[in-house]
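Descriptive structure summary
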Amino acid sequence: MSCIIFNHMNDLAGKIIHTSTRWINHARSLFYPTGYMKNYGSLGRKTYRDFNSHRPIGPLPKLCYAPWTNLFFNTHGNAMVCCKNTKVILGKYPEKSIHDIWFSSQREMLKKSINKNDLSLGCFKCKDSILQGNYSSTTSVVFDKHNMMPLKKYPRVIEFELSNKCNLECIMCSGRVSSSIQANREHQEIMKMTYDDNFVGQLDEFIPYLKEAKFTGGEPFLIPIYYKIWEKIEKINPSVKILIQTNGTILNDEIKKLIKKLHFQINVSIDSVNKDTYESIRRNADYEKMVNHVEWLGKNTQHLSVLATPFRMNWKDIPDIILFCNKNKYQFNISQMYCPGELALWSLDIDIIKEIIDYYHSIKLTAGNRLERHNIGIYEELIATLEYWIKCKEKNDEFNNRFLDVMNEQEPEIITHQTVNKSDIKNSKNTFRLILFQNGFTEIEFENFAKAIDEYCQNDKDAVCTELFYFHITQSHKPETIIKFYRDSSEYLIKEKLIEEHDVIKKKYSIV
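About the cut-offs
- Residues numbered from 1 in each chain as written.
- Predicted model: local features only at pLDDT ≥ 70, side-chain atom pairs only at ≥ 80, totals over all residues.
- Heavy atoms only, no water.
- Salt bridge = Lys/Arg side-chain N within 4 Å of Asp/Glu carboxyl O.
- Helix = DSSP H or I, 4+ residues; strand = E, 2+ residues; numbered from the N terminus.
- Buried < 20%, exposed > 50% of the residue type's maximum accessible area, 1.4 Å probe, protein only.
- Arc of directions from axis to C-beta.
- Pairing = 2+ DSSP bridges.
- Right-handed = clockwise from strand over helix to strand, strands pointing away.
- Core = buried A, V, L, I, M, F, W, Y, C linked by side-chain atoms within 4.5 Å.
- Contact = heavy atoms within 4.5 Å.
- Polar contact = N/O pair within 3.5 Å; in protein donor to acceptor, adjacent residues only side chain to side chain.
- Axes fitted to C-alpha atoms, helices over the stretch in contact; angles between N-to-C directions.
- Parallel < 35°, antiparallel > 145°, perpendicular 65-115°, else oblique.
- Nonpolar A, V, L, I, M, F, W, Y, C, P; charged D, E, K, R; others polar.
- Left-handed = near helix turned anticlockwise from the far one by under 90°.
- Patch = residues over 30% accessible without salt bridge, like charges linked within 9 Å, V, L, I, M, F, W, Y side chains within 5 Å.
- Areas by Shrake-Rupley, 256 points an atom, 1.4 Å probe, with all protein chains shown as cover.
- Lys, Arg positive; Asp, Glu negative; His and termini not counted.
- Charge placed at Lys NZ, Arg CZ, Asp CG, Glu CD.
- Phe/Tyr/Trp six-rings, centres within 6.5 Å; stacked < 30°, edge-to-face > 60°.
- Lys NZ or Arg CZ within 6 Å of the ring centre and 35° of its normal.

A word on the pattern of salt bridges. What the rule picks out here adds up to 16 salt bridges. The salt bridge involving Lys 111 is made with Glu 108; its shortest N-O contact spans 3.1 Å. Of this pair, Lys 111 and Glu 108 both sit in helix H6 (residues 105–115), three residues apart, which is roughly one turn of the helix. Judged by relative accessible area, Lys 111 falls into the buried class, the value being 15%. Here Asp 197 ties to Lys 228 by a salt bridge, and the two come within 2.8 Å at their closest N and O atoms. Remark: Lys 228 occurs in helix H10 (residues 224–236) and Asp 197 occurs in helix H9 (residues 197–202); sequence separation between them is 31 residues. Its relative accessible area of 41% is what places Lys 228 among the partly exposed residues. Overlapping salt bridges bring together Lys 275, Glu 279 and Glu 288 as one network.

Shown next as structure tokens:
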């Protein structure tokens, strides 16, 4: 009985703190600068206000705090402010030091963009999630809590994805995140480690300011350099929260000692609680072994949550995963799958997506405490996402092709600022025309395409905007890609693309 009373009091305290925080932020929003309530960026007024009011801790002045608080390193040495934004690369290790990467002009550029509520610089996944109404699972809200404290010169969070070393060959993964897939399925040489002891040494400047350090992979508990970083954290700032994204298959005495010494929070990827389905998805894994590890981790860490990726093989298992989480007091979250498209839910026919929604609505889940309310809230947002995709498909027959194109465009690239002379862009339209003609574009096609570009640009205050537009397209895209896009796209999609390109142009170039 005393245990039940304690859990109830703990739940009540958490609810009071959460409600109070939301109330404070709603009150604070009344005093935000006037521009905050008028600049809705690319989301539009209704969507922007709806998202801001439904953020987990209430409305905040910025759409995202990642450029001020977060630094992410991936397996190729590239550094970004967020694992979901692969377009704006701050720098590459070891070509640049961690210090120079953090204090880079690219980060300043992204900060300016976010200050305008503009998500066009690589923030597609968060924009898409917000448009879906999938607010709690939008990556940007992960950084909201850092607004409750004054923003500092150094990042509060560093995310480490330093190696793809992994023991599993999950069917929805690729060699980018699994060395086993890279070697056995893709038959490629295993990726070499970019990071070294010098990288670990450079962290001395940053660790004193950290609140959180996140480790992904691959499988974090198989990556040796992580143990060196954890040792350094223990010496310099042992109060840092260490967040691990693990597959739950690795747990030994060394890991158990670390978990008992430092502040570990564990996030386990579980895509099914059905043994056969789980092992068919997460190849090389043993279901019973994973469950035993999760049970130990749940008892010996401050926080354990389960991350599920709904896709074609496991969508029916999602309610059972939530029941598993509710029973064991684990928080439930979702990682939306975009690629590969042939396994994802967004690429299914409308009728099949409707069947999935009907099935989810038929399942009755309890919401008796704060944890269960959170878990069912994530479930409802998954349903909202599916409903959003149906609306997109009903509105646009080319949605699948367009979505795939956008996904392909998320490959990493460095967006740097470029100065151009008026003379450099003076004849850009004619250059663009000749290049397309050389690749089979017809006169009529060019006239129609040029008309769309000219009409879009004519209201811009910059007198050379149209020529700059042609200059940018010629520099940034292959002619065959431009021609294919024009011929395969409707007028609606062409206009959407022009809006995207225009947003990039306004940030990328200065004319002298």
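Along helix H22 (residues 479–488), the residues that are buried comprise Pro 479, Ile 482, Ile 483, Phe 485 and Tyr 486. Considered in projection along H22, the buried side chains sweep an arc of 165° and stay on one side of the axis.

In terms of burial, strand S8 (residues 303–308) is largely enclosed, as five of its six residues are buried. By the bridge criterion, five bridges tie strand S7 (residues 263–269) to S8 in an arrangement that is parallel. Opposite Asn 267, over in S8, you have Ser 305 as the bridge partner. Where S8 lies against strand S9 (residues 331–334), four bridges are found, and the strand directions are parallel. What sits directly across from Leu 307, in S9, is Asn 333. With helix H14 (residues 318–328) bridging S8 and the parallel S9, this β-α-β connection has right-handed handedness.

Let us now look at the nonpolar core. Where a protein is soluble and globular, its nonpolar side chains tend to be buried together. Phe 73, Phe 160, Phe 215, Trp 230 and Phe 264 are the most contacted members of the largest nonpolar core, which totals 114 residues. Considering each element in turn, this core owes the most residues, ten residues, to helix H16 (residues 370–395). When residues no more than four places from it in sequence are discounted, the contact partners of Phe 73 are Asn 78, Ala 79, Ile 98, Ile 101, Ile 158, Glu 159, Phe 160, Glu 161, Leu 162, Tyr 195 and Phe 199. Grouped together as the second largest cluster of nonpolar side chains are 24 residues, Phe 432, Cys 457, Leu 498 and Tyr 509 included.

Here we take up the environment of Arg 312. With respect to the helices and strands, Arg 312 occurs in the loop between S8 and H14. As for Arg 312 and Leu 343, which are separated by 31 residues in sequence, their C-alpha atoms are 5.6 Å apart. Filtering out sequence-adjacent residues up to four positions away, Arg 312 remains in contact with Gly 341, Glu 342, Leu 343, Ala 344, Leu 345, Ser 347 and Leu 348. Here the side chain of Arg 312 touches Glu 342 through a polar contact of 3.2 Å, landing on its backbone oxygen.

Here we take up the packing of helix H7 (residues 124–132) against H16. Packing of H7 against H16 brings their axes to within 8 Å, and their N-to-C directions diverge by 95°. The orientation of H7 relative to H16 falls into the category roughly perpendicular. Of the residues in H16, those touching H7 at Asp 128, Leu 131 and Gln 132 are Ala 384, Thr 385, Tyr 388 and Trp 389. Classifying every residue of the contact of H7 with H16 by side-chain character gives four nonpolar, two polar and one charged.

Attention now goes to the packing of helix H20 (residues 443–457) against helix H21 (residues 465–476). Where H20 contacts H21, the two axes come as close as 9 Å, and the packing angle between them is 130°. It follows from the interaxial angle that H20 and H21 lie oblique. Handedness of the H20/H21 crossing: right-handed. Here Ala 450, Ile 453, Asp 454, Tyr 456 and Cys 457 of H20 lie close against H21, whose contacting residues are Cys 465, Thr 466, Phe 469, Tyr 470 and Ile 473. Partitioning the contact of H20 with H21 into residue classes produces eight nonpolar, one polar and one charged.

Together, Asp 349, Asp 351, Glu 355 and Asp 358 line one region of the surface with negative charge. Along the chain, Asp 358 turns up in helix H15 (residues 350–362). For Asp 358, a relative accessible area of 54% corresponds to the exposed category.

Here we take up the packing of aromatic side chains. Counted by the stated rule, this structure contains 29 aromatic pairs. Ring centres of Tyr 65 and Trp 68 lie 6.5 Å apart, and the angle between their planes is 55°; this geometry places the pair in the tilted category. One exposure class covers both Tyr 65 and Trp 68, and it is buried. Both rings, one in Phe 73 and one in Tyr 195, keep their centres 6.1 Å apart while their planes meet at 85°; by these two values the pair is edge-to-face. Note that Phe 73 is positioned in strand S1 (residues 70–73) and Tyr 195 in the loop between helix H8 (179–184) and H9, a separation of 122 residues in sequence. Classification of Phe 73 by relative accessible area gives buried; the value is 0%. Judged by its relative accessible area of 4%, Tyr 195 falls in the buried class. The rings of Phe 73, Tyr 93, Phe 160, Tyr 195, Phe 199, Phe 215, Phe 221, Tyr 226, Tyr 227, Trp 230 and Phe 264 are connected pair by pair, giving a single aromatic cluster. Sitting above the plane of the Trp 102 ring, Arg 107 keeps its charged end 3.7 Å from the centroid. Cation over ring: Lys 316 sits above Tyr 359, and NZ or CZ is 5.4 Å from the ring centre.

All we've got here are geometric facts, nothing functional implied.
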